[in-house]
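The lines below spell out each chain.
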Amino acid sequence: IKEWMPQIEAQLAHLNQQQEAIQKVLAAAPTAQLTTVSALVEKEPVTSQPGEPSTTSALPVVLTPAATPTFTVYHAAPTETLWRIAQRFYGKGNYYPVLLEDNPGLTIHGSPDSRNLRIASQLEHVKEIYQRLVFSEDGRILFRYQARVGDSWRSLARDFYGNERRTNELTKLHGLSQPEPGQRLAIPLD
């Protein structure tokens, strides 16, 4: 074992150098993501054990820019619901939480005056956002809403349910005095 230690230490040093090189590339391109497409970062001879022939080793890594969603602007009529808009543009009405996420300040029952909505052009973006935001628990569908400045349990009950009757339900569900801006809250979508 003592005779193998220098080679093992050399291999570990080489792996550390490769890891540092990858971290530098990732730090320089924060919008990149790792994919499984084969491309070799570096090929170096590595000896498996003392006395055995060298083999070539490589790390399969490719950096590709993260897909940036594109949007169109849609002027919604005052009578249109988010469900119908999602159904029209995304093919499913239950994708309406994506509209809430892509349009800060938009609420279900009290939309901004302009009613100009950003509509994502890529269905992949819509599905990814929906899967990240909506989940099922105990037979209920819940939305991971990001709390904004000025949100209270009362205003959230009014915005999501059209009245304040479910304020106590939201308070009990979270056990917090008031929602904190930036915090993700579970809002039942029933």
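To keep things clear, this report deals only with the structure shown in the data block. These numbers come from a predicted model, not from an experiment.

Thresholds, definitions, all that
- Per chain, residue numbering runs from 1 following the sequence as it is written.
- Owing to the predicted nature of the model, reporting of local features is limited to residues with pLDDT of at least 70; listing and counting of side-chain atom pairs is limited to 80 or more, with chain, interface and lining totals taken over all residues.
- No hydrogens and no water enter the side-chain calculation; it runs on all heavy atoms of the structure.
- In this description a helix means any DSSP run of H or I spanning at least four residues, a strand means any run of E spanning at least two, and both kinds are numbered starting from the N terminus.
- Here's how the labels work: a residue is buried when its accessible area is under 20% of the maximum for its type, exposed when over 50%, partly exposed in between, all with a 1.4 Å probe on protein chains only.
- In the analysis that follows, any N or O atom pair within 3.5 Å is treated as a polar contact, provided that within protein one partner can donate a hydrogen and the other can accept it, and provided that, for residues neighboring in sequence, both atoms belong to side chains.
- Think of the arc as the fan of directions from the helix axis to the C-beta atoms.
- Every residue pair with non-hydrogen atoms within 4.5 Å of one another is taken to be in contact.
- Note on definitions: angles span 0 to 180 degrees between N-to-C directions of axes, and those axes are lines fitted to C-alpha atoms, for helices only across the stretch in contact.
- By definition, turning the near helix anticlockwise from the far helix through less than a right angle yields a left-handed crossing, and turning it clockwise yields a right-handed one.
- In the scheme used here, Gly and all other residues not listed as nonpolar or charged are polar, with Ala, Val, Leu, Ile, Met, Phe, Trp, Tyr, Cys and Pro taken as nonpolar and Asp, Glu, Lys and Arg as charged.
- Each aromatic pair joins two rings of Phe, Tyr and Trp (for Trp, the six-membered one) with centres within 6.5 Å, and gets the label stacked for planes under 30 degrees apart, edge-to-face for over 60, and tilted for any other angle.
- In this analysis the charged atom, NZ for Lys or CZ for Arg, is taken to sit over a ring once it is within 6 Å of the ring centre and within 35 degrees of the ring normal.
- Only strands that DSSP links by at least two bridges are regarded as paired with each other.
- Salt bridge, as used here: a side-chain nitrogen of Lys or Arg that lies within 4 Å of a carboxyl oxygen of Asp or Glu.

## Quick notes on the side chain of serine 155
And step 1. Position of serine 155 relative to the elements: it lies in helix 5 (residues 153-161).
And step 2. Take serine 155: its relative accessible area is 8%, and that puts it in the buried class.
And step 3. Within the local environment of serine 155, its side chain forms a polar contact with the backbone nitrogen of serine 152, the two atoms lying 2.9 Å apart.

## Points about helix 6 (residues 167-174)
And step 1. Within helix 6 the residues assigned to the buried category are Thr167, Leu170 and His174. Down the axis of helix 6, the buried side of the element spans an arc of 70°, and every buried residue falls inside it. Away from its buried face, by an angle of more than 90 degrees, helix 6 presents the exposed residues Asn168 and Lys172.
And step 2. Buried residues along helix 6 sit in contact with helix 5 and strand 7 (184-188).
And step 3. With its phi angle positive at about 65°, glycine 175 sits one or two positions after the end of helix 6.

## Notes on the packing of helix 5 against helix 6
And step 1. Where helix 5 meets helix 6, the axes come as close as 8 Å, and the angle between the chain directions of the two elements is 115°. Relative to helix 6, helix 5 is oriented so that their crossing is right-handed. Within the contact between the two elements, helix 5 uses Trp153, Arg154, Leu156, Ala157 and Tyr161 and helix 6 uses Thr167, Leu170, Thr171 and His174.
And step 2. The residue inventory of the contact of helix 5 with helix 6, partitioned by class, reads 5 nonpolar, 3 polar and 1 charged.

## Examining unusual backbone geometry
And step 1. Even without a glycine there, the phi angle at aspartate 138 is positive, about 50°.
And step 2. One can find aspartate 138 in the loop between strand 5 (134-137) and strand 6 (140-146).

## Observations regarding the packing of aromatic side chains
And step 1. Under the defined criterion, the tally for this structure stands at 6 aromatic pairs.
And step 2. With centroids separated by 5.4 Å and ring planes inclined at 80°, the aromatic side chains of tyrosine 145 and phenylalanine 160 adopt a geometry described as edge-to-face. In this pair, tyrosine 145 is assigned in strand 6 and phenylalanine 160 in helix 5, connecting sequence segments 15 residues apart.
And step 3. By relative accessible area, which is 5% here, tyrosine 145 ends up buried.
And step 4. One aromatic cluster is present, formed by Phe143, Tyr145 and Phe160 through successive ring pairs.
And step 5. Between the NZ or CZ atom of arginine 118 and the centre of the ring of phenylalanine 71, over which it lies, the distance is 3.8 Å.
And step 6. Arginine 166 extends its terminal NZ or CZ atom over the ring of tyrosine 161, reaching a point 3.9 Å from the ring centre.

## A few points about the sheet that holds strand 6
And step 1. Taken together, 3 strands build an open sheet; the order of strands is 5-6-7 and the sheet is antiparallel. Both edges of this open sheet fall to strand 5 and strand 7, since each of them pairs with a single strand only. Each neighbouring strand pair of the sheet contributes to a mean axis angle of 40°, computed without reference to strand direction.
And step 2. Where strand 6 and strand 7 come together, 5 bridges link them in antiparallel fashion. Pairing of tyrosine 145 across the sheet is with leucine 185, part of strand 7.

## Notes on the pattern of salt bridges
And step 1. If you walk through the whole model with that rule in mind, you get 6 salt bridges.
And step 2. With a shortest N-O distance of 3.6 Å, arginine 132 and glutamate 128 are connected by a salt bridge. Taken together, the residues arginine 132 and glutamate 128, both in helix 4 (residues 123-133) and 4 residues apart, mark about one turn of the helix.
And step 3. The class for glutamate 128 is partly exposed, based on a relative accessible area of 42%.
And step 4. Residues arginine 140 and glutamate 169 are paired through a salt bridge, measuring 2.7 Å at the closest nitrogen-oxygen approach. One end of the pair, arginine 140, is in strand 6; the other, glutamate 169, is in helix 6, and 29 residues separate them in sequence.
And step 5. Judged by relative accessible area, glutamate 169 falls into the partly exposed class, the value being 26%.

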